[in-house]
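Listed here are the chains, written in short residue letters.
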Amino acid sequence: KKKPIILIAYTSRFQIEKKKNEKQLNDIMQVVEQIKGYKIIFKVHPRKNHPYYLKILKNYKNLDIEISNENLLLLTKRCDVFLHDRDSSAIYEGLVFKKPSIEYWNTIKSSDYETSPDILKLNVRANNPEELEKLINLAIDEPAHEVWNVQQSAFDLSFKKFGENATHHCVNVVLKLIENK
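If you're wondering where the values come from, they're calculated on a predicted model, not measured in any experiment. (Residues numbered from 1 in each chain as written. Predicted model: local features only at pLDDT ≥ 70, side-chain atom pairs only at ≥ 80, totals over all residues. Heavy atoms only, no water.)

Q: I keep staring at the packing of helix α1 (residues 18-33) against helix α6 (residues 129-141) and nothing clicks. Help me out?
A: Any two packed helices are characterised by how steeply their axes cross, that is the angle between the axes, and by the distance between the axes. One can describe the packing of α1 onto α6 by two numbers: an axis separation of 10 Å at closest approach and a directional angle of 35°. Between α1 and α6 the crossing geometry is right-handed. In this structure, α1 contributes Asp27, Ile28, Val31 and Val32 to the contact, and α6 contributes Pro129, Leu132, Glu133 and Ile136. Taken together, the residues of the contact of α1 with α6 break down into six nonpolar, no polar and two charged. (Axes fitted to C-alpha atoms, helices over the stretch in contact; angles between N-to-C directions. Helix = DSSP H or I, 4+ residues; strand = E, 2+ residues; numbered from the N terminus. Left-handed = near helix turned anticlockwise from the far one by under 90°. Contact = heavy atoms within 4.5 Å. Nonpolar A, V, L, I, M, F, W, Y, C, P; charged D, E, K, R; others polar.)

Quick look at the structure:
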């Protein structure tokens, strides 16, 4: 039996705020380290990919970690829980495939502006490691919990506004692309 997957869409910005980014990644890894029996897949941003994150991941030898260059859509389709950065549109990939999608806290406080996912009420945000652990466990133990249903409903509702069949059309196109891969 295949291990369930926690997918982390990660933006490696170690060229700025190195200490804060190091603490953030270590905090995230310490949380996922507590969750037994899961494979951790890292999908690093194709352009924001400072290699320092690799040094940090080496400290977590007891974890089943894979760093993937595979398309994010293919990865989100296979994952069970999806973690994403605040300054990323990756949340949409998670929600297209109806995955509990958790935004982890930002290292730069000036990024408290509203993003599209905030305005559309799509975000389920962990503001610290304790909240992240609670939300990951909720996603694992209760993937049909109201938190995830509300998130998915907001996504479905938001995209119906752009034409009744737009969401279904996009999902079908994505599914066909994946099937043809």
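There's plenty left to go through after this.
Q: Help me out: how do you make sense of the sheet that holds strand β4 (residues 81-84) in this one?
A: In spatial order, the strands read β3-β2-β1-β4-β5-β6; together these six strands make up an open sheet with parallel pairing. Whereas interior strands pair on both sides, the edge strands pair on one side only; in this sheet they are β3 (64-68) and β6 (125-126). For β4 and strand β5 (residues 101-104), the ladder comprises three bridges, and the chain directions are parallel. Across the sheet, residue His84 finds its bridge partner in β5, namely Glu103. Each of β1 (5-12), β2 (39-49), β3, β4 and β5 is contacted by α1, which is oriented at about 180° to β1, the strand it contacts most. (Pairing = 2+ DSSP bridges.)

Q: Help me understand the pairing of β3 in this model?
A: One face of the sheet, then the other: side chains in a regular strand alternate in exactly this way. With five bridges connecting them, β2 and β3 associate as parallel partners. By the bridge assignment, Phe42 is partnered in β3 with Ile67. A crossover links β2 with its parallel partner β3, the connecting element being helix α2 (residues 52-57), and its sense is right-handed. (Right-handed = clockwise from strand over helix to strand, strands pointing away.)

Q: Got a minute to help me understand the environment of Ala90 in this structure?
A: Mapping Ala90 onto the fold places it in the loop between β4 and α4 (91-96). For Ala90, a relative accessible area of 4% puts it in the buried group. Between the C-alpha atom of Ala90 and that of Val31, which follows or precedes it by 59 residues, the distance is 21 Å. (Buried < 20%, exposed > 50% of the residue type's maximum accessible area, 1.4 Å probe, protein only.)

Q: Sorry if this is basic, but what is going on with the side chain of Ser12 here?
A: Structurally, Ser12 is set in strand β1. By relative accessible area, which is 0% here, Ser12 ends up buried. In this view, Ser12 contacts Val44, Lys48, Asn49, His50 and Tyr53; residues no more than four positions away in its chain are not counted.

Q: Can you walk me through the side chain of Gln151 in this structure?
A: Relative to the assigned elements, Gln151 resides in helix α7 (residues 146-160). Given the relative accessible area of 2%, Gln151 is considered buried. Excluding anything up to four places from it in sequence, Gln151 contacts Ile91, Leu95, Lys99, Pro100, Ser101, Leu122, Asn123 and Val124.

Q: Can you help me understand α1 in this one?
A: Given 3.6 residues to a turn, an α-helix orients residues that are three or four positions apart in the same direction. Between the first and last C-alpha of α1 there are 22 Å, a value that for 16 residues agrees with the 22 Å anticipated at 1.5 Å per step. Residues Asn21, Glu22, Gln24, Leu25, Asn26, Asp27, Ile28, Met29, Val31, Val32 and Glu33 constitute the buried set of α1. (Expected span 1.5 Å × (residues − 1).)

Q: Before we go on, may I ask you to explain the packing of aromatic side chains in this structure?
A: For any pair of aromatic rings, the description rests on two quantities: the centre-to-centre distance and the angle between the ring planes. In the structure shown here, the tally under the stated rule is three aromatic pairs. Relative to Tyr53, the ring of Tyr10 lies with its centre 6.3 Å away and its plane at 50°, an arrangement referred to as tilted. A residue pair is termed long-range when its members are at least 10 positions apart, and Tyr10 in strand β1 and Tyr53 in helix α2 qualify at 43 residues. Across the pair, Tyr53 and Tyr10 agree in class, each one buried. The interplanar angle of 15° and the centroid separation of 6.4 Å between the aromatic rings of Phe42 and Tyr53 together place this pair among those described as stacked. Here the residue Phe42 occupies a position in strand β2, and Tyr53 occupies one in helix α2, the gap between them amounting to eleven residues. By relative accessible area, Phe42 is classed as buried at 0%. Since its relative accessible area comes to 7%, Tyr53 is described here as buried. Members of the aromatic cluster, each reached through a chain of ring pairs, are Tyr10, Phe42 and Tyr53. Above the ring of Tyr52, the side-chain terminus of Lys18 is found at 4.1 Å from the ring centroid. (Phe/Tyr/Trp six-rings, centres within 6.5 Å; stacked < 30°, edge-to-face > 60°. Lys NZ or Arg CZ within 6 Å of the ring centre and 35° of its normal.)

No statement about biological role is implied by the geometric values presented.
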